[in-house]
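Below, each chain spelled out in residue letters.
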Amino acid sequence: MTDLSQAFHELVDEVKGVERRFLDADPALPEADVLDGYRFAFSLLKVALEAYVWADTDRPRFVDVITPSMKWGGDNSDAFYQLTALDPGRTYRVRGHRADAVYLSLTVYGGPDDGRYSDRIIATVNDRDLDIAPDGSFELVLSATPHEGNWIELAPDAVFALTRDYLVDPVQGVRSTWEIEADDPPARRTDSAEDLARRLRAARTWVAEQAAMVPVRVGPPNEVGEPYPVPTTTFGWAAGDASYAFGAYDLAAGEALVIEGSSPECAFWNMCLWTPYLHTYDHRYEQVTINGGQTTHEPDGSWRIVVSATDPGHPNWVSTAGRGSGLIWFRWFLPERTPDRPVCRVVPVAEVAGAVR
């Protein structure tokens, strides 16, 4: 088992090497971001193990790849994400219940199966496409051959399916449920040192590729870029029916960033503050994200969001959790058009309540 042992040590060494990404960052990262860097390394390992080492395409299951404490890949406080690996030669039956989700979807990704990030969206089906029963239940088939009813065609390079469930109130609301099973699974799992070594090397590639993207920096600060729709060809596990916008903030003590805009009709939208690892701040303690259902709107339907370290008494305050700089991310699901670019301005926190009401 020399090759298996080597693959194991390569993966462990890759995880250890993630530390240099945040310790050697130039300019140096503040302590809060360094602490998150250590958590980031283990988040990458956890997703890598779920996706490549523990995954079983013969008897698959949907697993949570993001939790309030284990963050990864552009998480947010309003959504639940589950992942499963796929074999494009198999037929899978997915059953679920929408519960309180205002938007849910399943996206199948194609691309390499060696640990590199998927490079295209094969298909996305959301709750507007699905035939959902009056009690909220639904069924869906994933296969290479056509099926009646809800069906996604699996292309020869299909590798993963990712579910998304968005709730306006993810704390009190009931999340969606997803189950998956393969037709005619084998009675016994086949296993070998060669296959496990392959899986470990795929996990290593995943960790290396993900770590190479951080720390993420966006400039200039205190701006949000032009929103954009997601094309069919995409890097990573983006949604196929959403628009996104990226920005950053950099605030001195006593300053606030006022973000003004409007959202087109859509199934759901929110704004998140992120670390340089694309992780939300700890939303179990304070509001570091905000969604359309939580936002107080102006009479004309527009909105103003205030980003600052201290509460200015504004209903749409989003806390920086004490961090002077960070990333800003907007997402709109099923928008009737690409949203207009939000307008940003920096003002003294003391002036916010009177200046924006």
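Structure first, text after, so check above.
As a starting point, this report considers the structure included with it. (Residues numbered from 1 in each chain as written. Predicted model: local features only at pLDDT ≥ 70, side-chain atom pairs only at ≥ 80, totals over all residues. Heavy atoms only, no water.)

### Things to note about the packing of helix α1 (residues 2-23) against helix α2 (residues 31-53)
- Running from amino to carboxyl end, α1 crosses α2 at an angle of 155°, the nearest separation of the two axes being 9 Å. In this view, α1 runs roughly antiparallel relative to α2, as classed from their interaxial angle. Helix-helix and strand crossings are classified by hand; for α1 and α2 the assignment is right-handed. Between α1 and α2, the contacting residues are Leu-11, Val-15, Val-18, Glu-19, Phe-22 and Leu-23 on the first element and Val-34, Gly-37, Tyr-38, Phe-40, Ala-41 and Leu-45 on the second.
- Considered class by class, the residues forming the contact of α1 with α2 number 10 nonpolar, 1 polar and 1 charged. (Axes fitted to C-alpha atoms, helices over the stretch in contact; angles between N-to-C directions. Helix = DSSP H or I, 4+ residues; strand = E, 2+ residues; numbered from the N terminus. Parallel < 35°, antiparallel > 145°, perpendicular 65-115°, else oblique. Left-handed = near helix turned anticlockwise from the far one by under 90°. Contact = heavy atoms within 4.5 Å. Nonpolar A, V, L, I, M, F, W, Y, C, P; charged D, E, K, R; others polar.)

### Brief notes about the sheet that holds strand β8 (residues 158-166)
- Spatially, 5 strands are ordered β1-β2-β8-β4-β5 in an open sheet, and the strand pairing comes out antiparallel. Looking along the sheet, the strands with just one partner apiece sit at the ends: β1 (63-64) and β5 (120-126).
- As paired elements, strand β2 (residues 79-85) and β8 share 7 bridges and run antiparallel to each other. Of the residues in β8, the one forming a bridge with Phe-80 is Asp-165. (Pairing = 2+ DSSP bridges.)

### Points about the sheet that holds strand β13 (residues 255-261)
- Pairing in this open sheet of 4 strands is mixed, and the strands run β17-β16-β13-β19 from one edge to the other. A strand with exactly one partner marks an edge of an open sheet, and here the two such strands are β17 (317-319) and β19 (343-348). Each strand axis lies, on average, 25° off the axis of its neighbour in the sheet, ignoring direction.
- Across 6 bridges, the pairing between β13 and β19 is antiparallel. Directly across from Glu-260, in β19, lies its bridge partner Val-343.

### With respect to the pattern of salt bridges
- For the coordinates displayed, the defined rule picks out 28 salt bridges.
- Among the ionic pairs, Arg-201 bridges to Asp-3, the shortest N-O distance being 2.9 Å. Of this pair, Arg-201 sits in helix α3 (residues 193-211) while Asp-3 is found in helix α1, placing the two residues 198 residues apart along the sequence.
- Given a relative accessible area of 26%, Arg-201 falls into the partly exposed group.
- Measuring nitrogen to oxygen at the nearest pair gives 3.6 Å for the salt bridge that ties Asp-340 to Arg-337.
- A relative accessible area of 45% places Asp-340 in the partly exposed class.
- A single salt-bridge network, built from bridges that share partners, covers Asp-3, Glu-10, Glu-14, Arg-201 and Arg-204. (Salt bridge = Lys/Arg side-chain N within 4 Å of Asp/Glu carboxyl O. Buried < 20%, exposed > 50% of the residue type's maximum accessible area, 1.4 Å probe, protein only.)

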